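The chain contents come next:
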Amino acid sequence: MTYVLPDLCDDFPENIQVIEPGFGNFGGRESFGGEIVTIKCHEDNSLVAAQADLPGTGKVLVVDGGGSLRCGLLGDNLALKAEKNGWEGIVVYGCIRDVDIIATINLGVQAIATNPMKSVKRDVGLLNIAVNFGGVAINPGDYIYGDNNGLIVSNKALPKAD
């Protein structure tokens, strides 16, 4: 079973906000969704690494990297850890790297671009705060869904397609 974003937008318009286009689908799972856990960071993926090590069943990690195109905030090693720990997906407002391997991992991954450079690790960033990108306020505890049509945010859990 998967999520079909056009159908969710049709069936639940009062609960949906559409994140502006510009994200690509890179993960091995083309359709994903779950409860939002947020990170705000700039070119430092320390918190992404820490969260990937935690149980993530039913959750999607939303990383506000400020739209920076200077380095990847997610690579294959962290994506594999996130998959192992049950995360549904990771959305990065910024870049990812190791895209050929990430495409084989059973994890939803969307980002705005790719960059082979790794990020720094200075343990700088904020966890579970409201973030805003793509014209949408994104709050921890809300829900995000992604497929090849884009990304949507909802204030409640939405059903999978039959």
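Nothing here was measured: the structure is a model prediction, and the numbers come from that model.

(A) Structural context of the nonpolar core. Ranked by internal contacts, the top residues of the largest apolar core, which has 22 residues, are L61, V63, L74, I90, V92 and L107. Only strand 3 (32–40), helix 2 (46–52), strand 4 (59–64), helix 3 (76–84), strand 5 (89–96) and strand 6 (108–114) provide two or more residues apiece to this core. L74 has contacts with V48, A79, I90, V92, C95, I96, R97, I102 and V109, leaving out every residue within four places of it along the chain. In this structure, V91, V131, V136 and V153 belong to the second largest nonpolar core, which totals 14 residues.

(B) Local environment of the pairing of strand 10 (residues 143–147). Counting buried positions along strand 10 gives four out of five residues, so the element sits mostly inside the fold. With five bridges joining them, strand 10 and strand 11 (residues 150–154) adopt antiparallel strand pairing. Residue G146 lies in a different strand from strand 11, and its bridge partner there is L151. Turn length for the strand 10-strand 11 hairpin, with the two strands adjacent in sequence and antiparallel, is two residues.

(C) Inspection of unusual backbone geometry at higher detail. Phi angles above zero are rare outside glycine, and E43 is one such case at about 55°. Position of E43 among the secondary structure elements: in the loop between strand 3 and helix 2. With a phi angle near 60°, D123 is a residue other than glycine that sits in the positive phi range. Counting through the fold element by element, D123 comes out in the loop between strand 6 and strand 7 (126–127). We classify D123 as exposed; its relative accessible area is 68%.

(D) The pairing of strand 6, seen in detail. Across two bridges, strand 2 (residues 24–25) lies against strand 6 in antiparallel orientation. Bridge pairing links N25 to Q110 in strand 6. Both strand 5 and strand 6 contribute to a ladder of six bridges, which runs parallel. Its bridge partner lying in strand 6, I90 is registered against V109.

(E) Geometry of the packing of aromatic side chains. One pass over the structure, following the stated rule, counts four aromatic pairs. For the ring pair Y93 and F133, a centre distance of 4.7 Å and an interplane angle of 5° mean the geometry is stacked. In this pair, Y93 is assigned in strand 5 and F133 in strand 8 (residues 131–133), connecting sequence segments 40 residues apart. By relative accessible area, Y93 is classed as partly exposed at 25%.

Conventions and cut-offs
- Residues numbered from 1 in each chain as written.
- Predicted model: local features only at pLDDT ≥ 70, side-chain atom pairs only at ≥ 80, totals over all residues.
- Heavy atoms only, no water.
- Core = buried A, V, L, I, M, F, W, Y, C linked by side-chain atoms within 4.5 Å.
- Buried < 20%, exposed > 50% of the residue type's maximum accessible area, 1.4 Å probe, protein only.
- Helix = DSSP H or I, 4+ residues; strand = E, 2+ residues; numbered from the N terminus.
- Contact = heavy atoms within 4.5 Å.
- Pairing = 2+ DSSP bridges.
- Phe/Tyr/Trp six-rings, centres within 6.5 Å; stacked < 30°, edge-to-face > 60°.

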